[in-house]
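This is what each chain is made of:
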Amino acid sequence: MEPAAQIHQWVGRLMGNRFEISVVSPDAGWANERLADAVAEISRIERLLTTFDDASQTNQINANAGIRPVRVDAEVFALIERSLRLSALTQGAFDITYGSLDKRLWNFDTTMTALPDPATARQLVRLINYRNVVLDRGASTVFLKERGMRIGFGGIGKGYAAEQAKRRLQALGVDHGIVNAAGDLTTWGRQPNGQPWTVGIADPDRQGTAMRAFSYLNISDMAIATSGNYEKYALINGRRYAHTIDPKTGYPVSGIKSVTIIAPNAELADALATPVLVMGVSVGLDLINQLRHVACIIIDEADRLHTSATIRLVTPPSIPTH
């Protein structure tokens, strides 16, 4: 009798985050080889995009800001090109030049007791402007117009890596699996029992050891990403401010506890989660409702639930804490 298919998993740190990679196979040895292939692919992407290695293409672009264009791999060029389209779509709420932010005045912990004045905040974000990223497709170069500008892929890199790892695994014959990049995850195929993959939507008020889900979604062959202020924030005059900065004002966003995006791929889900947090409930939902095959779940600061037009949530009467 042939062995039954099982879930085989790799868990570790990549790109500065916890990754969990799961593949379904009856053959443990083959599955572990495929998991190693996925780790190698994510590590390759990390070397391209990291800002912690002076030799990375990202840092070469940043080091030459205001000086000269830098030639990059077609893969990096295409990712930046897609990022700029997302910036236009979100009216700058998503912006890879966010790396230009001067972080000296933002310390999101218990020691932060006041916001900087508005003039100072605006000065801190003056270099954040996706329109000052100049692409030359023919030469495959990227140029940042202003000295001091920096790009970073914190808002899209994990989702991109998860999606690329999925594609690599599929090309190698993995028909069922999940790549989870610190909560930005992409799924394909089904569980060993033939059921769809099921993902819990985190309750932003029940994190850490008390973490629980308030609802579940079947998301086989889809991706999901969550952004929120429940993990890192400052409490000032009784109001909670997320660690996410609005690139237009230089102020931390408020009003929303968490945003969950469901999309066809993890790159898009990852890249849309933070902009909706920045844009707010009304504008954010309006954007998502205009996008095909994309859905959104928002929990605001008053614990009200908002969903895009296509979402139908089922909340179990009793959800165990785990």
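Below you will find a few notes about this structure. (Residues numbered from 1 in each chain as written. Predicted model: local features only at pLDDT ≥ 70, side-chain atom pairs only at ≥ 80, totals over all residues. Heavy atoms only, no water.)

## A few points about the side chain of Asn132
Argument step 1. With respect to the helices and strands, the residue Asn132 is situated in the loop between helix 4 (118-124) and strand 4 (133-136).
Argument step 2. Its relative accessible area of 16% is what places Asn132 among the buried residues.
Argument step 3. Apart from residues lying up to four places away in sequence, Asn132 is in contact with Phe143, Leu144, Lys145, Glu146 and Met149. (Helix = DSSP H or I, 4+ residues; strand = E, 2+ residues; numbered from the N terminus. Buried < 20%, exposed > 50% of the residue type's maximum accessible area, 1.4 Å probe, protein only. Contact = heavy atoms within 4.5 Å.)

## Quick word on the pairing of strand 4
Argument step 1. Sheet analysis places strand 4 next to strand 5 (residues 141-144), joined by four bridges and oriented antiparallel. Bridging across to strand 5, Val133 finds its partner in Leu144.
Argument step 2. Count of turn residues in the strand 4/strand 5 antiparallel hairpin: four residues, of which Ser140 carries a positive phi of about 55°. (Pairing = 2+ DSSP bridges.)

## Considering the pairing of strand 7 (residues 184-188)
Argument step 1. The buried fraction of strand 7 is high, at five of five residues.
Argument step 2. Alternating residues of strand 7 divide into Asp184, Thr186 and Trp188 and Leu185 and Thr187, and every residue in both groups is buried.
Argument step 3. In terms of strand pairing, strand 6 (residues 177-181) meets strand 7 through five bridges, oriented antiparallel. Bridge assignment links Asn180 to a residue of strand 7, and that residue is Leu185.
Argument step 4. Linkage of strand 6 to strand 7, two consecutive antiparallel strands, is achieved through a turn of two residues, within which Ala182 is found at a positive phi near 55°.
Argument step 5. Looking at chain direction, strand 7 and strand 10 (residues 223-228) are connected through two bridges and run antiparallel.

## With respect to unusual backbone geometry
Argument step 1. Although it is not a glycine, Asp221 adopts a positive phi angle of roughly 65°.
Argument step 2. Take Asp221: it is sitting in the loop between strand 9 (213-218) and strand 10.
Argument step 3. Here the phi dihedral of Asp303 falls at roughly 65°; this positive angle occurs in a residue that is not glycine.
Argument step 4. Summarising the element assignment, Asp303 is placed in the loop between strand 14 (295-300) and strand 15 (305-307).
Argument step 5. What makes Asp303 partly exposed here is its relative accessible area of 45%.

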